[in-house]
Structures are given as structure tokens and as C-alpha cells.
Amino acid sequence: MTTATTGVTPITGAVGTAHTRVEGRAKVTGAARYAGEIPFAELAHGWLALSTVSRGRILSVETGPVLAMPGVLTVLHHGNAPRLDTDYIGMLGVPPDPTAAVFQNDRVPHAGWPVALVVAETPEQAREAAEALVVTYEREPHDIELTAGRPDAHPVDGHMPGMTEKGDIEAELAASAHVVDEEYTTPEEHHAMMEPHAATALWDGGRLEVVDSNQGTTWVADELTRMFSLDPSAVRVRSEHIGGGFGSKGVRAHQVSAVMAATVLQRPVRVVLTRRQMFSLTGYRSPTAQRVRLGAGTDGRLRALDHRSVNQTSTVWEFVEPSAGVARVMYDADAHRTSNEVVRLDVPSPTWMRGPGEAPGSFALEAALDELAERCGIDPIELRLRNEPERGPVSGLPFAGRNLAACFREGARRFGWAGRDPRPGTRREGRWLLGTGTAAASFPAGALPSTASVTAEADGTHTVRIAAADIGTGARTALTLVAADALGVATDRVRVRIGDSDFGPAGIAGGSMGTRSWAWAITAAARELRDRLVPGGTIPPEGVTVRSDTTAALGALAQKERHSFGAQFAEVAVDVTTGEVRVRRMLGIFAAGRIVNPLTARGQLVGGMTWGISMALHEEAVRDRASGGLYGPDLAGYHVAGHADVPEIEADWVDDPDPEDPVGIKGIGEVGIVGAAAAVANAVWHATGVRHRNLPIRPDRVLRAQGGARV
Ligand code: MOS
């Protein structure tokens, strides 16, 4: 064994330099294992049986014939499953989504609700038995229809207040030279990440171990601990590689039912969801109906801003898609009103999905701004610059950096915005009408308390341990660069281990806060470790370890509005005889804190913008009024943008370090989707002269609109 000598000249500069994924080779060679494929001895397989009615009561679960089928070990349902606790405040400081607490009563709240888990020796036996299981229901009429005018819509506080209001909206609208008053809708959208949800649960020496695909191992461990009333030290959740999450990979029916079955059978049980099951079990983005009213003087300065959003939720849980929240950050007005309201329907519980609130909210608000620019005869970028607020329009707090104007200036220069003819429907190239559009983006830049440990090993390398989750973002690689700089060593001297709740509490890969939260904890531990090592000293065989906890340090973020910002640009071509819309190019310039790894950061931003194209033109889950379920709940029926739909997309950034963050990070996970759909829709208007206020902008909508129909 070689013995390291400490105190050499520190190496820095890893942060900000492009670095391929540290686990890239493992992923492309298949060596990286995902939750559903890790082998276990004595593994049994569970298959969920889902309700075929949209509302009602379970009268009977005919387990007898199924228990006699080959390989079947047990059938869990509301009559025999362990009882769960859902009356608690979890790690994220909010009550749990009780949707995951399966088999607790005989109510059926929506189509595709889990009514039983059939466990067998093989997945095939479990599936066959689950499909043969006869469940009888008392059916009740269901209500699945979200409309803007529903009298039962009510404001709900989610992670932000349901309503904000200042000034007299009606008076300011009446006094405005230009008014926009329009309704915008966005459809039900699904995460559709590549890797389906999968979990294996087992009891090992008195500890529950769950091998899972999730966005936070300590988060899932905390929720399972509380639901099953276990001792926190008795639960370990691991999740090493994750094929996408987008907000959907928290605690869900598959982990909970696997833990139930492992407890009952006292052997490892795996539950994997099918793509179709995911459409009713793993959350989705609620459709929204939004009304935006803007009033401005002749100079384009906003006198009135009213943004009201209504989303659907289930009868099990009130989930708010806070679409009006974006208006609380972007623009001020003499009278300013926002509300996020929900309607409870007999549908699955929606959940966070990439840019929750901001993604659909920015479509409505940024499209309305474009309409106002048209009415005022002011360039859309100039209109936004004239309405740049000094402080948070609702909070009144100063911004910790608001570089939106810099994004627009750089974006306009690179996109070639100057000299743009604002008139719509005037550029033609063969069968195509051409147009360009822009929109602003913002997303909160927060951080969650995290702990990390950093060990100086005797061989001169360093091991970082943190319960981080790399859901495909490149977080593991970013953290390697951050740790290397904080330690003053080369990146190949740093090993970052993540995805294990035994590493201690850490924030989730969510809210664009993952890398920022974890980098903070790693930096704190690494700096202390460097200070502690005696220059020229030797490291003992067991290494030297320092632990950090950022809970107290995060107080530095209070008292300011913190957001990433961006300017989105799109050019589209529209064939009004076929209704086809093609995005020809996109550019996004972001002010999103210090960029740790330009390679994976660009992937995040371009990925978000690609979601924006998909949201603008393709994605839409449609519910059948008769059955209450979805038409075509699979990736054939649910259309996401494919390679052929995605043109050259360029993403870049302006210098924007967060002064209060030890690394300067803000967060880049979600800001890329914000405003992207609006930029496309605004470009479609510029091409055709028709405003599309309902997403997606399908060919039939383009055709009907050209015929003069309201779409
Ligand atoms: Mo993201 S919707 O915060 O996982």
C-alpha cells in the first residue's frame, strides 16, 4: 500500500470544465445495473392488479382460484394487507401523498387504482394470476371533467400560497390602454421516463432493505419508515442508477406493496411496473385551465396582471400545479393577482413533473405577454425589458441576481432577432410559413439540507459519500468535479458514492436543487478535511473522514428572491394545408448560476427545451369520459417528440454565480423547459397570424384555425 503525503499544491479548475460522465462506460457497456435487474436469491415477484372502474367500492377479491395457480405465493388486498400510517409530516416538511398507501380500504378513487398484489415465484406466473384475479365492484358514477368555470375550484396552498392579491385589478384594467384577456389550456402530460419504476424489498438481519429507482434514497427511506412505523435505523434504501425521474420517482405503490409482501412472506419481493401501469400509478402533470388578464399603458408598462390557474387533482390528495406562481416572480403591476386552484375529480393523483407550475404557467403568461406586445406595437423583448421588476413583485424581496436582460440581449444577438418584422403571416418558403418567437424563463433556485462525508484514503484517493441521486442529470459527475476542486486534487483521485440512505440525510433530486444542495455539503466537508490534514503528514490506514451538515448554513439563502432565468427563442415552419408545425431551430440563453459541468449542463438545458417542443406540439393524454381511463396509455398512444421532431437546439449561459453559494451554483434542472412551449407558440402566431392558446398545437387545430375556427 502506498501512503499519501498531504499538503501538496492544490489543483483546482475542474468546475467549469467539460467532463464526460464518470459512470458513462458502465452505462454504455451494460455494467450499470438498474433496480429491476439486480439479482437476489429467493426472489419472488409481485404484480399489481388495477381497478377497472373509475369510482366505487370493492365488493370482493376472489383470491381462491388465483392462489391455486402455479407458483402463486400470496395475494395482498385491502382485506389482509398491513395497515399504514399516512398522518405525518415527512422529510420534505409536507404531509405525504397518500396515493402510495395501497390496500388500506375498499374505496376505488380512479381507474387503474391498485386493488391487489399477486406474488409468485416468477414474474410470468404473477402476471398471469393477476390478470386472472376476479375483483367485483359496486360502481358509482365518476366525474373526470376539468373546465375553467367549475364552481368547485378552490385555491390551495401547495409549496406556495394559493392566492396573492394587491391593488384593484378591475380599476387598472379599465384604465389600461391595451388589454389582453384570454384563456389558455395545457393537457394532461406524463413523465414517460425511460426506466419504469421498480423496487425490490427484503428483510435482512432485522433491517428492511429496498433497492429502488428513485429521486432520493433518504426521502424514500423516511417515508417508508413512517408509513410502516419502523425505526429509522431499520430501513435502508439504495438506488444507484436511475433512468429518469422528472418528479415521478418518489414513494409509490410499487415500493409500498413490495415491502408489504416481503414482510408477509419474509423473502425478497420485487415489483416492477409496466409502462401502462405507470400511466395511472406514478403521477402526471395535471391539465390546466388558465386565464390571464394583462393591462398596460401605451408605453407597455403593466398596470394590471391577473393570472388564475385551475388544475385537477384526485379525491385522495390535493396536488397543486402552481402555474400562476411564475407571475409572482416575472412581472410586477400596479394591481397584481394570482391564484392556483384545484378541482377534485375521480382521476389519479397528479404530481410534480419537470418545471411543476412554471412549465404550464409560463406557456400562458409568456403567450399573453406576446399578445400584449402585439397590441402595444412594442417588440416582445423590449416589452419584457420595460417590465423588469426591481424586487420580487409579490415578496417585495430583492433578487439575488436577476440576469434576464443579459439573457435576452445575448440571445437576441445570437438568434438574429434585430430587424425582425413583427407582422405575422408574411414570410413564406415554398409550402411553409415561417415565424420566430421568444419567451422568458425562470425557476426557483433553492437548496435542501444535506449531509456528506469525505474520506482521505491512505492510498491518496478520496471517497465522497452522499445520499444523492443521479437520475440521468450527470449529478454524480458534477459532484466529482466539485469535490476535486474543494479538495484541491485531480478528479481521478475522487470517488463519489451516491444512492444509499445509509450515507445520511440528503436533499432530493428535485426542484432543480439536487446538485446545488449536495455540492454545498461536499464542499463543506472537503474544505474541513483539507484544513484538518497536517501538511506533510501521513494518513492512517483507515483514512481520515469528515462529515458535514448544511442545515444551518442554508440560512444564508433567506431574505432574497432566488431564481434562475432564461430567454427562449424558436423558429418554426408551418404548412397550413397539412397543419404540420416544424420547429427549425431553438436557442436558449440562461442565467442559472455557476455551471459545474458544461457538457452535462448543456444536456439538461437542451433536454428541457426538447420537452418544450414536445409540450408545444405533441404531448397530450386524453381521458375517455365513459370509462374514466386514458385512451392509449402507452408510448404509442402518448406521443413524445422523437429525433425527427427535434432540430438543432443550442443552449448557453451568461455569467451568473450565486454569491451566497459556496460553489456559486443555482440549479439548471428545470429552467430549460420554462417558456419553451410559449416561444414555439409565439413563433406559430408569427408564422400564421393565429394564436394557439390550447396545447398541443396539433395539425387538426392548425387546420381548423386557418379555417377561422376558434381552437
Ligand atoms: Mo422535479 S419535477 O422537481 O423532479
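Not measured: the values here are computed from a predicted model.

1. Observations regarding the domain arrangement of the protein chain
Here is step 1 of the chain: As far as domains go, the protein chain holds domain 1 (3–32 + 447–551) and domain 2 (399–445 + 562–711).
Here is step 2 of the chain: Between the C-alpha centres of domain 1 and domain 2 there is a distance of 35 Å.
Here is step 3 of the chain: At the boundary of domain 1 with domain 2, total buried surface from both sides reaches about 1,600 Å², with 57% on carbon and sulfur atoms.
Here is step 4 of the chain: The largest share of the area that domain 1 buries against domain 2 comes from Val15, Ser512 and Arg516, three residues that together contribute 39% of it.
Here is step 5 of the chain: At the boundary of domain 1 and domain 2, one finds two salt bridges.
Here is step 6 of the chain: Across the pair Arg516 and Asp658 runs a salt bridge, and its minimum N-O distance is 2.7 Å.
Here is step 7 of the chain: Where domain 1 meets domain 2, there are nine residue pairs in polar contact (both at pLDDT 80 or more).
Here is step 8 of the chain: When contributions to the side of domain 1 that touches domain 2 are tallied by element, the ones reaching two or more residues are helix 12 (475–487) and helix 13 (514–532).
Here is step 9 of the chain: By residue number, the principal contributor to the side of domain 1 that touches domain 2 is helix 13, which donates six residues.

2. Regarding the sheet that holds strand 4 (residues 107–108)
Here is step 1 of the chain: The sheet built from three strands is open, its strands ordered 4-2-6 with antiparallel pairing. Every interior strand has two partners, whereas the edge strands, strand 4 and strand 6 (134–139), have only one.
Here is step 2 of the chain: As paired strands, strand 2 (residues 56–62) and strand 6 are joined by six bridges and run antiparallel to one another. Bridging across to strand 6, Glu62 finds its partner in Val134.

3. Observations regarding the packing of aromatic side chains
Here is step 1 of the chain: Enumeration over the complete set of coordinates arrives at 10 aromatic pairs.
Here is step 2 of the chain: Both rings, one in Phe246 and one in Trp611, keep their centres 4.7 Å apart while their planes meet at 65°; by these two values the pair is edge-to-face. Highlighted residues: Phe246 in the loop between strand 12 (235–238) and helix 6 (253–265) and Trp611 in helix 14 (residues 598–617), separated in sequence by 365 residues.
Here is step 3 of the chain: Ring centres of Trp317 and Phe319 lie 5.6 Å apart, and the angle between their planes is 45°; on these two criteria the pair is classed as tilted.
Here is step 4 of the chain: In this structure Trp317 comes out as buried when scored by relative accessible area, which is 17%.
Here is step 5 of the chain: With relative accessibility at 4%, the residue Phe319 sits in the buried group.
Here is step 6 of the chain: The structure contains a cluster of three or more aromatic residues connected by ring pairs, namely Phe408, Phe415, Trp417 and Phe569.
Here is step 7 of the chain: The aromatic ring of Phe415 is capped on one face by Arg585, whose charged end is 3.9 Å from the ring centroid.

4. A few points about the pairing of strand 12
Here is step 1 of the chain: Burial along strand 12 is one-sided: Val235 and Val237 are buried, while Arg236 and Arg238, pointing the other way, are not.
Here is step 2 of the chain: The pairing of strand 11 (residues 207–212) with strand 12 spans four bridges and is classified as parallel. When the bridges of strand 12 are listed, Val211 appears paired with Arg238.
Here is step 3 of the chain: Of the crossover connections in this fold, the one passing from strand 11 over helix 5 (residues 217–227) to the parallel strand 12 is right-handed.

5. Some words on the sheet that holds strand 17 (residues 428–429)
Here is step 1 of the chain: Read across the open sheet, the five strands follow the order 17-18-23-24-25; overall the sheet is mixed. With one partner strand each, in any of the chains shown, strand 17 and strand 25 (648–653) form the two edges of the open sheet.
Here is step 2 of the chain: In terms of strand pairing, strand 24 (residues 580–591) meets strand 25 through six bridges, oriented parallel. Counted as the bridge partner of Met586 is Ile649 from strand 25.

6. Quick notes on the pattern of salt bridges
Here is step 1 of the chain: With the rule as written, the count across this model stands at 62 salt bridges.
Here is step 2 of the chain: Taken together, the salt bridges that share partners define one network made up of Glu410, Arg413, Arg414, Arg602, Glu650 and Asp652.

7. Regarding unusual backbone geometry
Here is step 1 of the chain: Cis geometry marks the peptide bond from Leu695 to Pro696; its omega dihedral reads -5°.
Here is step 2 of the chain: Counting through the fold element by element, Pro696 comes out in the loop between helix 15 (676–688) and helix 16 (699–706).
Here is step 3 of the chain: If you check the backbone angles, Ser229 has positive phi at about 50° while not being a glycine.
Here is step 4 of the chain: Residue placement: Ser229 occurs in the loop between helix 5 and strand 12.
Here is step 5 of the chain: You will see that Gln266, though not glycine, has its phi angle at about 55°, which is positive.
Here is step 6 of the chain: Looking at where Gln266 falls in the secondary structure, it is placed in the loop between helix 6 and strand 13 (269–272).

8. With respect to the side chain of Asp222
Here is step 1 of the chain: Relative to the elements of secondary structure, Asp222 occurs in helix 5.
Here is step 2 of the chain: A polar contact is formed between the side chain of Asp222 and the backbone nitrogen of Met91, at a distance of 2.8 Å.
Here is step 3 of the chain: With residues near it in sequence (within four places) discarded, Asp222 still touches Gly90 and Met91.

Rules and cut-offs
- Residues numbered from 1 in each chain as written.
- Predicted model: local features only at pLDDT ≥ 70, side-chain atom pairs only at ≥ 80, totals over all residues.
- Heavy atoms only, no water.
- Domains from an automatic or database assignment.
- Buried area = accessible area lost by both parts, 1.4 Å probe.
- Salt bridge = Lys/Arg side-chain N within 4 Å of Asp/Glu carboxyl O.
- Polar contact = N/O pair within 3.5 Å; in protein donor to acceptor, adjacent residues only side chain to side chain.
- Helix = DSSP H or I, 4+ residues; strand = E, 2+ residues; numbered from the N terminus.
- Pairing = 2+ DSSP bridges.
- Phe/Tyr/Trp six-rings, centres within 6.5 Å; stacked < 30°, edge-to-face > 60°.
- Buried < 20%, exposed > 50% of the residue type's maximum accessible area, 1.4 Å probe, protein only.
- Lys NZ or Arg CZ within 6 Å of the ring centre and 35° of its normal.
- Right-handed = clockwise from strand over helix to strand, strands pointing away.
- Contact = heavy atoms within 4.5 Å.

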